[in-house]
Structure formats: structure tokens, C-alpha cells
Amino acid sequence: MQKEFGFGTKSIHAGNVKDTQYGALSTPIFQSSTFIFDSCEQGGRRFAGAENGYIYTRLGNPTTSVLESKIAALEGGEACLATASGMGAISSCLWTIAGAGKHIIADGTLYGCTFALLNHGVTRYGVEVDFIDTSDLDALRAHLKDNTVAVYLETPANPTLKITDISAVAEVAHAYNPEIKVVCDNTFASPALQNPLALGADVVVHSATKYLNGHGDVVAGFVVGKADFIQQVRMFGLKDMTGAVMDPFAAWLLLRGLKTLELRMARHCENAAKIAAFLAQHPAVEKINYPGLPTHKGHDVAARQMKDFGGMLSFEVRGGKAAGMKLVNSLKLITVAVSLGDAESLIEHPASMTHSTYSEEELREAGIAPGLIRLSAGLENAEDLIADLAQAMENL
Ligand SMILES: *Cc1c(COP(=O)(O)O)cnc(C)c1O
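Residues numbered from 1 in each chain as written. Predicted model: local features only at pLDDT ≥ 70, side-chain atom pairs only at ≥ 80, totals over all residues. Heavy atoms only, no water.

Visitor: So, the sheet that holds strand β8 (residues 285-289): which residues are in play, and what are the values?
Guide: Strand order in the open sheet formed by five strands is β8-β9-β12-β11-β10, with mixed pairing between adjacent strands. Both outer strands of the open sheet, β8 and β10 (335-336), are each paired with one neighbouring strand and no more. Helix-sheet contacts for helix α10 (residues 261-280) involve β8, β9 (312-317) and β12 (373-376), and the interaxial angle to β9 is about 15 degrees. (Pairing = 2+ DSSP bridges. Helix = DSSP H or I, 4+ residues; strand = E, 2+ residues; numbered from the N terminus. Contact = heavy atoms within 4.5 Å. Axes fitted to C-alpha atoms, helices over the stretch in contact; angles between N-to-C directions.)

Visitor: Would you mind going over the packing of aromatic side chains in detail, with residue names and values included?
Guide: We describe a pair of aromatic rings using the distance from one ring centre to the other and the angle between the two ring planes. On inspection of all chains with the given rule, the structure shows five aromatic pairs. With a centroid separation of 4.8 Å and 45 degrees between ring planes, the pair formed by phenylalanine 115 and phenylalanine 131 is classed as tilted. Taken together, the positions of phenylalanine 115 in helix α5 (residues 112-121) and phenylalanine 131 in strand β3 (residues 128-132) put the pair 16 residues apart, joining distant regions of the chain. Overall, the relative accessible area of 3% leaves phenylalanine 115 in the buried class. You can call phenylalanine 131 partly exposed: its relative accessible area is 28%. Judged by centre distance (6.0 Å) and plane angle (10 degrees), the rings of phenylalanine 249 and tryptophan 252 are stacked. Taken as a pair, phenylalanine 249 and tryptophan 252 lie in helix α9 (residues 248-258) at a separation of three residues, close to a single helical turn. Ring pairs connect the aromatic residues Phe115, Phe131 and Tyr358, which therefore count as one cluster. A cation over an aromatic ring shows up here: lysine 210 above the ring of tyrosine 111, its NZ or CZ 5.2 Å from the ring centre. (Phe/Tyr/Trp six-rings, centres within 6.5 Å; stacked < 30°, edge-to-face > 60°. Buried < 20%, exposed > 50% of the residue type's maximum accessible area, 1.4 Å probe, protein only. Lys NZ or Arg CZ within 6 Å of the ring centre and 35° of its normal.)

Visitor: Tell me what's going on with the side chain of threonine 63, and back it up with residues and numbers.
Guide: Position of threonine 63 relative to the elements: it lies in helix α3 (residues 62-75). Contacts of threonine 63, omitting those with residues within four sequence positions, involve Thr27, Pro28, Ile29, Phe30, Pro248, Ala251, Trp252 and Leu255.

Visitor: Explain the site of the ligand to me, and be specific about the residues and the numbers.
Guide: Within the structure, the ligand sits among 15 residues, and Gly86, Asp185, Ser207, Thr209 and Lys210 are positioned closest to it. At a separation of 2.8 Å, an oxygen atom of the ligand approaches a polar backbone atom of glycine 86. Within the contact set of the ligand, an oxygen atom lies 2.8 Å away from a side-chain nitrogen or oxygen of lysine 210. When the ligand sits alone it has 380 Å² of accessible area, and the protein chains cover 92% of it. It is helix α4 (residues 86-97) that contributes the most residues to the shell around the ligand, three residues altogether. When its residues are assigned to classes, the shell around the ligand shows six nonpolar, six polar and three charged. (Near = heavy atom within 4 Å. Polar contact = N/O pair within 3.5 Å; in protein donor to acceptor, adjacent residues only side chain to side chain. Areas by Shrake-Rupley, 256 points an atom, 1.4 Å probe, with all protein chains shown as cover. Nonpolar A, V, L, I, M, F, W, Y, C, P; charged D, E, K, R; others polar.)

Spelled out as C-alpha cells, the structure:
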């Protein structure tokens, strides 16, 4: 695939392998767990890495390979590994990087299960984790140590939409030790809006359940980075540690969803910007977090490192948690559900749902207010979404 093709062209064409048997336009689903060897010797050569070819779907599958090549192209990475979920990607990646006696610096504002993995999971096995605010470079400098192996962050962060300057973090971490892996969860932006590898990150992880698939019918993830690192994640983190392999049918659904990623992201962004403008002027709204608003703390950094400001926003209404819950329960069109990046607009209450892995004190430290409401702007017509929010606000 030529480098100069646009994002939309790449999301449709990159990585595709021509079906020489029947000429199928759509990549076939190789729903096979294992692959036949011509001989015992050939099987041995494949296991030894002396001959290319598929062995077993946990190690690779032709449908999934097309998808991995496509995602690598969209993120501007050398290689990609598909996984069964976003948590499968994150855990396979971290198990590959860290071990007993190693140290990870992580942002304190993370997807709830990532926070749990870092806070209560890897620490059980002798990995040391410090949570900081990665948008504070002095805090980052103060926590880097000889045994630091990774700096882990999300930008925009779930659910506060906090923005971290990826290049600045990569510069500080790599100046201290070029071996440190800066790992960025790019789920909220998607590669259509932000490419962390081009900004200096070493590894990108995704919950492909969200925008990449985009249709609310798949749970999936990706790890993207240098070819040798991705090979380590494939042959250790995934193969031996998590076993979180993507199913070929999920890979096929993702190939289908990705064809419209650029178009969908444009609409998600447009809808979120209109909703944010509506909420920002509404008297019932106490606080709104959307990186596209000039009042957002990370607006300038977001404008620099993202192509647009994304489809996610969060807000608090006057009256705190009780009023926020009432608002959510009064909606008629916007759906109450976790997950994000789907055609349907989805709304949820992080403190009791996606971020219930945080204690009250941890929520406070991460800036996740008890009444915070998170909204994923879908692909509906913005005026319908705004009208729904407006009628629900009248109930407050
Ligand atoms: C949903 C999510 C995850 C976890 O992904 P799953 O596909 O649900 O395992 C990780 N990071 C972020 C930012 C998410 O929103």
C-alpha cells in the first residue's frame, strides 16, 4: 500500500490480500482453529520459524492477518497484534513488558479495568506501579527510576477527557531511558484522529470494541508497535500469558466496520461538538469536559496532536449525583449503556459503572466526580440528540 494514500483509502484497501481462488471482494472468514501441514517435517519448520505459514489460530489466522496489516497501516506502526478484547490487548502488552521488580508509571485516570489491572493485578506479581498525572511533566520526571519499564496513559482519558501531551511525555521518558515503553491507549481518539506512534509513543493499544468496529456487536482489541516488540507480545504475552486471541469472525466484522471509520468519526465529532456547545450554555450544567471547547484545559494540546476533538464528552449537572442520575433516567432516545463509539448515542455514570473499580478516594484523585455523566455521541442527527437532552434537563 502506497504511503501517500489517504486515511479512508487505507482503511478500505491496506493489507487486503487478493483472493486468488474465487476472487471474493470481501476478505473470506477462515473460521479454522488449525492449519494442515503437508508433512511432519513442514510442521516442525513452521514451529521453528524456518518456514512461513499458519499453524494454529492462537498464533495467527489469514483473516486476522489482513486486519492486523490494516490497523498497522492506519496507526503508522510496523506491526499489529489483534486480541479478543481491549483488556486482552492491554494485559498481553503489559505482561510482555513488565515482571517482578519492574516499575510502571501510569496515569491515574484510566478505563476502570485498566486501572484495576495496574492497581490490583500486576502488583500481585511483584510489579511496582505509581499513578501520576501524566499531563504534569514534573511529576513524570520525579517518578522515573532505574527499573521503570513503561509509562502508560490514555488521551483523551476515560472518562474525564483529560489530554496528555504525547510528544512531551515520550521526550521526557526516552531522555531518561530510551528503553522505556511509552504505551498510549488510543481508544477514544481512534487512528482517524490521532497517531501516538508518530508523536513518539512506542506502543498503541486499542479497545476495538469501540470506534474501530463501531457497530456495538464485537469485543476486540489491538496492540501496535515495532515488529520485534509485537512478535514478543504475540509469542509470549498473548500465546502464553493471556491467550486472548481474536476470533476470525470478529476480525471479519472489524474489517467491515473499518471501511467507514473515517466517515463515522467525522459525524461522531460533529455531533459531540454540537452537543458540547449546547451543554456549555445550559444553565443546569455545572461542568463540561470536551477537548474541542476553548475552555478545556487540554484544548491547545488536543488541537495540536488530534485531527479533531472526538465523539466523547462528560459533564456534571447542578445537583450532583442525584440530578445526574435523574437526567440519565429521563432520556428517551439516548441509550443508557456502557461502551462507546457505536452508532447509537450511549450515556452512563462512570462512578457506579465503568469506573466502579476505583474507591471513592481514588475517584477523587482521578478527578472523576460522583455526579459525572459520560456521553458517547452516536451517528444520529445532532438536533434529535440535543432535543432529548433538553427535554431531560427540564425534568431537573
Ligand atoms: C473499553 C475500554 C477498554 C477495554 O476494552 P474492552 O474491549 O472492553 O476489553 C480499554 N480502554 C479504554 C479507553 C476503553 O474505553
